[in-house]
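Residue-level structure breakdown
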Amino acid sequence: MCKILSLLLFLTFSSISAQELIIDYNQLSDEVLKQINSHRKILKLDELKEDAILFKAAQDHSIYMNEKNILSHEQKVIDKKFPKDRIKYYQGNDFNVFGENVLYTTIDVKHYSKTDILALAKKVFIQWKKSPPHYKNIINSNYELAGIAFSFDKKTRRLYATNVFGAKGVVIPNQLSNNAFGLSEKSIYCKNVDLNDKIHISNGLQIEGDDVILYYHDIKTFKEIFKNPSDAIAIDFVEESQLQCGSKNNFDISPIYDGVLSKPIYRDELLANNTAENKHKIITKVGKVPEHLKERSVTLNIIFIFTNCACEYIVPHDIKSKSISLFPINPIVEIPKNTTLSNKGIIRTEEHSFAFERNEIVEKFKNTDEYFNIDKISDDEIVIQFDTLISENFNKVVANKDSILFSEIEYSEEKIEEPFTFINETIHSTQIYSYSSIEGKEELNKKLHQERAIAIENYGKENLDITIKPSKIIAEENWETCYIQLEMENLGELATKSKEEIRSYINANKTTWNDYLDKQRVSKLIANYYGEITTNNPNNKLYLQFLYEINLRTGILEKDYNRANLALAKLYDVDFCYAIFDEIVFNELMTNQKLVQNACAALIKNHQYDRFKTVRFLKHWLTQFDSFNKDTQLNLLNLYCVTNENLLHTWDVSTTKLANVTKPKTLENNFSLFQPNLDLTANYNYVALYYSNHTNDYNGINYYFTKVYNSFKNNIKSTKDRVNFGLFLNHWSNYHRTITLLKAEMKKPTFTKEEALLLAQTYPVIDNDKNKSELEYILKKAYQLNKNAWCNWQKENKNLLRNITIKNEFCKKCN
């Protein structure tokens, strides 16, 4: 593919004296080329060979400059405007790399002997060599051929010289279009794109099935880059076989692409196919893998197209990166005095869910997860959790939220004893939570949720053999869920209005609120079962977990809050607990201030099993932050950071989920109360940084990134910390800081293979072979410390072999 090199001007003056010029230009061309090749040989570069087409292009331009008395790389003749055009004019259609040096110098008008020609050739060579841009062309390893020509102006006594460089390419077969889909080459319609934006977009490519999908974090910037309907993206598929050692990289002669070009996808289609849940982001198809390449190993390269011109060819690099974890902060739990735990109580709770249709009494028994669209651990995941806990003793665990069954198996030909047993189980109590949606009229809704409560109670009698009367019946319009939904729709201001104003708004927008209203009507029947738990091993983890859960449920139902608080404190120390999300337990946690401190501790450990309820808990109690003691305040803020860390690490967080996150800025004063706690302050800044990123608040990103950067940099205590910090910087495209961080350690005896590899992976992204000697040193250091990792990294990222320095090192050391 054509990479258009810089076209440069150089002026030199000297005096002349004589009457007649006699000079052998062919000999002068040969001698200048000898000078160039002699220098390339010293640098271990291939010598340039003379080429007739390049000579014609050079001769044409030297004559043009002479006739027009100018020094330029452009001509006004349309077919010969640029060097590439002049090469094509003389049938050089198979050249894919080219460049040009020009100069003029005044010379003596005389008969030039061989000695004089040699001296003049050296003069021309030295003048080009002393000019850095011209010298870059002389030593460019991509060039294979050259043509040098001169023209003399008798009036000014100037000798014009043109040196055209080039290399011929190949034609990659199986193209999807015979004219690059009508794209033209780089032109005045092209525009500069910020380097970070190019890196982010190119590194956001993924092959999913047969499609190439782009993930990009900022749809606003994307729309600014691709402004017009004639702006597009195309993918260039390059096979790894085109980047083989032992030969030059095998790229197509096309000035547009190197491998096989996919059909461009234009702006309107890119935006129309956006599947991102977050309105600030874009996830869209940008290409399709050609049929003949589906089973082959390819690298993806991206072409930015502006006004149907192929303007930017960008080569992605896989850059190792990851996020840093929050600083661990242990919650402060309250241990009630003179309180003990019992093995008797509410051993389990069954929750039966009902999804009522609009204005209907007859229940539709459904899974509430389907209605609430919440992040809740699945039954399969619960099985995995329990498997982990008892893997030393059991091969199989069958679990769900209602009951636990352990299969008796044989292990090493010995029967493994169960960790605990339930005995004397009997139904203890039931509660009914019956809801109507808030649409329509309040009088009708009251009748609906009261009649639904009766229908739920009858269902329990007829289908579940529950004959006891409910100990609690809640029958009401579901305003709590409605308020959350308003926030999810960014209607927080409406949520502060009167109920009648809210009802009026929803009645007017009933069609768009259908799904939300369905969720408001979800009702529950809770059945609590009393019994005992016995064990032969009171230290068994699984037994302790269930013991604490029994005491939590029982303490809540019997209003023994010391017992419930002790159970919550103990649950922080176990690996898994779902009981805190039981309806009867969670409702108490949402209303009882006495339980908040220890509930925070238990939720810090288990929030991932029901993020929706955890967020509800947080949003509710953060509004009463000032009423709590310091320990409870610390736990609430700690829970806020821990809960939001996992959510905000998700790349595409839906706008509705993001609306459930209390904006960090609104809690800044609360966190400022704990400024001496540097870990908590760092965690707050970390969450605020990620929140700003998901909302594309660039002022917030810059502000909080600086704070996070300083916090985590000051806590580097080991090589592992430094590598993780470098990966974090890469995650935020702060490659310069990663390089600075690791280069400072490079010559120390403590410099590790992990640091060396990360530095070698990051350095080429921004350096682009500008500092060849430093890049070579970094690559050799990585190779010395860990040959296998160094070679594997490059084998997995073949696009790196486009960099000649990297390719030379790789081919010498890894093949």
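Residues numbered from 1 in each chain as written. Predicted model: local features only at pLDDT ≥ 70, side-chain atom pairs only at ≥ 80, totals over all residues. Heavy atoms only, no water.

On to the overall build of the protein chain, then. Looking only at helices and strands, the protein chain features 31 helices and 20 strands. Across the 815 residues that make up the protein chain, the buried fraction comes to 53%. Across the protein chain, the fraction of contacts at a sequence separation of at least 24, relative to all contacts at a separation of at least 6, is 75%. Surface accessibility of the protein chain: about 38300 Å² in total, with carbon and sulfur atoms responsible for 47%. (Helix = DSSP H or I, 4+ residues; strand = E, 2+ residues; numbered from the N terminus. Buried < 20%, exposed > 50% of the residue type's maximum accessible area, 1.4 Å probe, protein only. Contact = heavy atoms within 4.5 Å. Areas by Shrake-Rupley, 256 points an atom, 1.4 Å probe, with all protein chains shown as cover.)

Here we take up the sheet that holds strand β2 (residues 95-106). Spatially, β1-β3-β4-β2 is the arrangement adopted by the 4 strands of the open sheet, whose pairing is mixed. Sheet topology places β1 (49-50) and β2 at the edges, where each strand pairs with a single neighbour. The sheet strands contacting helix α2 (residues 52-68) are β1, β2, β3 (145-153) and β4 (158-168), and the helix crosses β3 at an angle near 25 degrees. Running at roughly 115 degrees to β2, helix α4 (residues 114-129) makes contact with β2 and β4 of the sheet. (Pairing = 2+ DSSP bridges. Axes fitted to C-alpha atoms, helices over the stretch in contact; angles between N-to-C directions.)

A few words on the pattern of salt bridges. All told, the structure shown has 42 salt bridges when counted by the stated rule. With its nearest N and O atoms 2.7 Å apart, the salt bridge here joins Asp-60 to Lys-80. In this pair, Asp-60 is assigned in helix α2 and Lys-80 in the loop between α2 and α3 (83-89), connecting sequence segments 20 residues apart. For Asp-60, a relative accessible area of 12% corresponds to the buried category. In this structure Lys-80 comes out as buried when scored by relative accessible area, which is 15%. Taken together, the salt bridges that share partners define one network made up of Arg-358, Glu-439, Lys-510, Asp-518 and Arg-521. (Salt bridge = Lys/Arg side-chain N within 4 Å of Asp/Glu carboxyl O.)

Turning our eyes to something else, we now look at the environment of Glu-31. Among the secondary structure elements, Glu-31 is positioned in helix α1 (residues 25-42). Between the C-alpha atoms of Glu-31 and Lys-114, which are 83 residues apart in sequence, the distance is 9.8 Å. Residue contacts for Glu-31: discarding those within four places in its chain leaves Ile-117, Leu-118 and Ala-121.

In regions of low pLDDT, the predicted coordinates are not meant to be interpreted in detail. Of all residues in the protein chain, 90% attain a pLDDT of 70 or more, and the chain-wide mean is 87. At the low end of the mean pLDDT range in the protein chain sits strand β14 (residues 397-399), at 30; at the high end sits strand β9 (residues 265-266), at 98. Low pLDDT, under 50, characterises residues 1-18; the stretch is placed with 71 contacts to residues that sit more than four places away or in other chains. Contacts from residues 367-416, a stretch scored under 50 in pLDDT, to residues over four places away or in other chains number 89 contacts. (pLDDT = per-residue confidence, 0-100.)

Before going further, it helps to spend a moment on the state of the cysteines. All chains considered together, the criterion is met by 3 disulfides. Disulfide partner of Cys-190: Cys-311, at an S-S distance of 1.9 Å. Because the sign of the S-S torsion sets the handedness, a value of about -75 degrees for the bond joining Cys-190 and Cys-311 places this disulfide among the left-handed ones. In this pair, Cys-190 is assigned in the loop between β4 and α6 (195-202) and Cys-311 in strand β12 (residues 309-314), connecting sequence segments 121 residues apart. (Disulfide = S-S within 2.5 Å.)

This part is about the sheet that holds strand β19 (residues 472-477). Strand order in the open sheet made by the 4 strands is β13-β20-β18-β19, with mixed pairing throughout. Each edge of the sheet is formed by a strand with only one pairing partner; in this case those strands are β13 (344-355) and β19. Sheet twist, expressed as the average angle between the axes of neighbouring strands with direction ignored, equals 20 degrees.

Here the focus is the side chain of Glu-645. Assignment of secondary structure puts Glu-645 in helix α21 (residues 630-649). Buried Glu-645, no salt bridge; nearest opposite-charge side chain is Arg-611, N-O distance 9.7 Å. Filtering out sequence-adjacent residues up to four positions away, Glu-645 remains in contact with Ile-324, Ser-325, Leu-326 and Tyr-686. (Lys, Arg positive; Asp, Glu negative; His and termini not counted.)

This part is about the side chain of Asn-163. Relative to the assigned elements, Asn-163 resides in strand β4. Note on Asn-163: relative accessible area 0%, which makes it buried.

Let's shift gears to the nonpolar core. Within the largest apolar cluster, 86 residues are counted, with the highest numbers of intra-cluster contacts made by Leu-552, Ile-580, Phe-617, Leu-636, Tyr-640 and Phe-728. Those residues within four positions of Phe-728 in sequence are excluded, and the remaining contacts are Lys-322, Ser-323, Ile-324, Tyr-686, Leu-689, Tyr-690, Phe-705 and Val-708. Among the nonpolar cores identified, the runner-up in size contains 38 residues, and Ile-303, Ala-756, Cys-791 and Ile-806 belong to it. (Core = buried A, V, L, I, M, F, W, Y, C linked by side-chain atoms within 4.5 Å.)

On to the pairing of strand β5 (residues 205-208). As judged from the 4 bridges shared by β5 and strand β6 (residues 211-216), these two strands associate in the antiparallel manner. Its bridge partner being in β6, Gln-206 is matched across the sheet by Ile-213. With antiparallel pairing between neighbouring strands as the criterion, β5 and β6 make up a hairpin whose turn holds 2 residues, including Gly-209 at a positive phi of roughly 70 degrees.

Checked against the element boundaries, Phe-705 lands in helix α25 (residues 698-713). Excluding residues that lie within four positions of it along the chain, Phe-705 makes contacts with Leu-689, Gly-700, Phe-728, Leu-729, Trp-732, Asn-734 and Arg-737.

This next bit is on the environment of Gln-431. Checked against the element boundaries, Gln-431 lands in strand β18 (residues 421-436). Here Gln-431 falls in the buried class, since its relative accessible area comes to 1%. Between the alpha carbons of Gln-431 and Leu-525 there is a distance of 6.0 Å; along the sequence they are 94 residues apart. Leave out the neighbours within four places in its chain, and Gln-431 touches Ser-471, Lys-472, Lys-524, Leu-525, Ile-526, Asn-528, Leu-557 and Ile-584.

Once that is clear, we can look at α4. Every α-helix carries 3.6 residues per turn, so stepping three or four residues along brings you back to the same face. Counted at 1.5 Å a residue, the expected span for α4 with its 16 residues is 22 Å, and the 22 Å between its end C-alpha atoms agrees. Turning to α4, its buried residues number three or more, namely Ile-117, Leu-120, Ala-121, Val-124, Phe-125, Gln-127 and Trp-128. Burial along α4 is one-sided: seen end-on, the buried residues are contained in an arc of 160 degrees. Packing partners of the buried residues in α4 comprise α1, β2, α5 (132-138) and β4. (Expected span 1.5 Å × (residues − 1). Arc of directions from axis to C-beta.)

This part is about unusual backbone geometry. In the Ramachandran plot, Asn-69 falls in the positive-phi region, its phi being about 55 degrees despite a non-glycine side chain. Relative to the helices and strands, Asn-69 is located in the loop between α2 and α3. Even without being a glycine, Asn-338 presents a positive backbone phi close to 55 degrees. Tracing the backbone through its elements, the reader meets Asn-338 in the loop between β12 and β13.

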